[in-house]
Amino acid sequence: MSYPEAEIKISYEEPDERTRIIIASGEIHVSTAGVFSEALNDAVTDGRTAIVLDLTDIGFIDSTGLSVLLNGLRRVTRAKGRMALVCVSPTVLRLFTITKLDTTFDIFATRPEALERVHRAA
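Just so you know, these numbers come straight off a predicted model, no measurement behind them. (Residues numbered from 1 in each chain as written. Predicted model: local features only at pLDDT ≥ 70, side-chain atom pairs only at ≥ 80, totals over all residues. Heavy atoms only, no water.)

Caption draft 1: Quick peek at the pairing of strand β3 (residues 50–61). Here 9 bridges tie strand β2 (residues 19–28) to β3, and the two strands are oriented parallel to one another. In the sheet register, Glu27 faces β3, and the bridge partner there is Phe60. Between β2 and its parallel partner β3, the chain crosses via helix α1 (residues 33–45), and the hand of that crossover is right-handed. In this structure, β3 lies alongside strand β4 (residues 82–86), joined through 5 bridges in parallel fashion. Bridged to Ile51 within β4 is Met83. Of the crossover connections in this fold, the one passing from β3 over helix α2 (residues 63–78) to the parallel β4 is right-handed. (Pairing = 2+ DSSP bridges. Helix = DSSP H or I, 4+ residues; strand = E, 2+ residues; numbered from the N terminus. Right-handed = clockwise from strand over helix to strand, strands pointing away.)

Shown next, in the form of structure tokens:
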């Protein structure tokens, strides 16, 4: 039995000069984490200080993916910025709860809520 290769798709929006919304779909794990990490690092390198990660269409995250998220949060924070996640998947939300990362990340059910958070804090 063969399984389809896991993939991740990344797009982004820039509603203003300091904000980047990174929209991801698929899975974030050892095979796809590099692509996701690059998108996040590019946002910080480009001087974006208000970053929203829209994970609405992410169905799975492994420990490598969590590491990428934590490293991204650290980079954004060091740049005196703010990052928020949009997540509605019960599976992914449970992972954040089990790992207690729900207290580390600002997680919202909608993009407008996440945008309000990163703009209010910036």
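Caption draft 2: Quick peek at the pattern of salt bridges. Applying the stated criterion to the full structure yields 8 salt bridges. The partner of Glu7 in a salt bridge is Lys9, and the shortest N-O contact between them spans 3.4 Å. Overall, Glu7 belongs to the partly exposed group, its relative accessible area being 45%. The exposure class of Lys9 is exposed, given its relative accessible area of 52%. When the shortest N-O distance is used, the salt bridge between Arg20 and Glu14 registers 2.5 Å. For Arg20, a relative accessible area of 4% corresponds to the buried category. The partly exposed category is assigned to Glu14, whose relative accessible area is 35%. Members of the salt-bridge network, linked through shared partners, are Glu14, Arg20, Asp46 and Arg48. (Salt bridge = Lys/Arg side-chain N within 4 Å of Asp/Glu carboxyl O. Buried < 20%, exposed > 50% of the residue type's maximum accessible area, 1.4 Å probe, protein only.)

Caption draft 3: Representation of the environment of Asp46 in the model. Summarising the element assignment, Asp46 is placed in the loop between α1 and β3. Distance in space between the C-alpha atoms of Asp46 and Thr77 is 15 Å, their sequence separation being 31 residues. Of note is the side chain of Asp46, whose polar atom sits 2.9 Å from the side chain of Arg20. (Polar contact = N/O pair within 3.5 Å; in protein donor to acceptor, adjacent residues only side chain to side chain.)

Caption draft 4: Representation of the environment of Ala79 within the structure. Along the chain, Ala79 turns up in the loop between α2 and β4. Looking at Ala79, the relative accessible area reads 37%, which means it is partly exposed. The spatial distance from the C-alpha of Ala79 to the C-alpha of Val44 is 7.5 Å, given a sequence separation of 35 residues. Aside from chain neighbours lying at most four places away, what touches Ala79 is Val44 and Thr49. (Contact = heavy atoms within 4.5 Å.)

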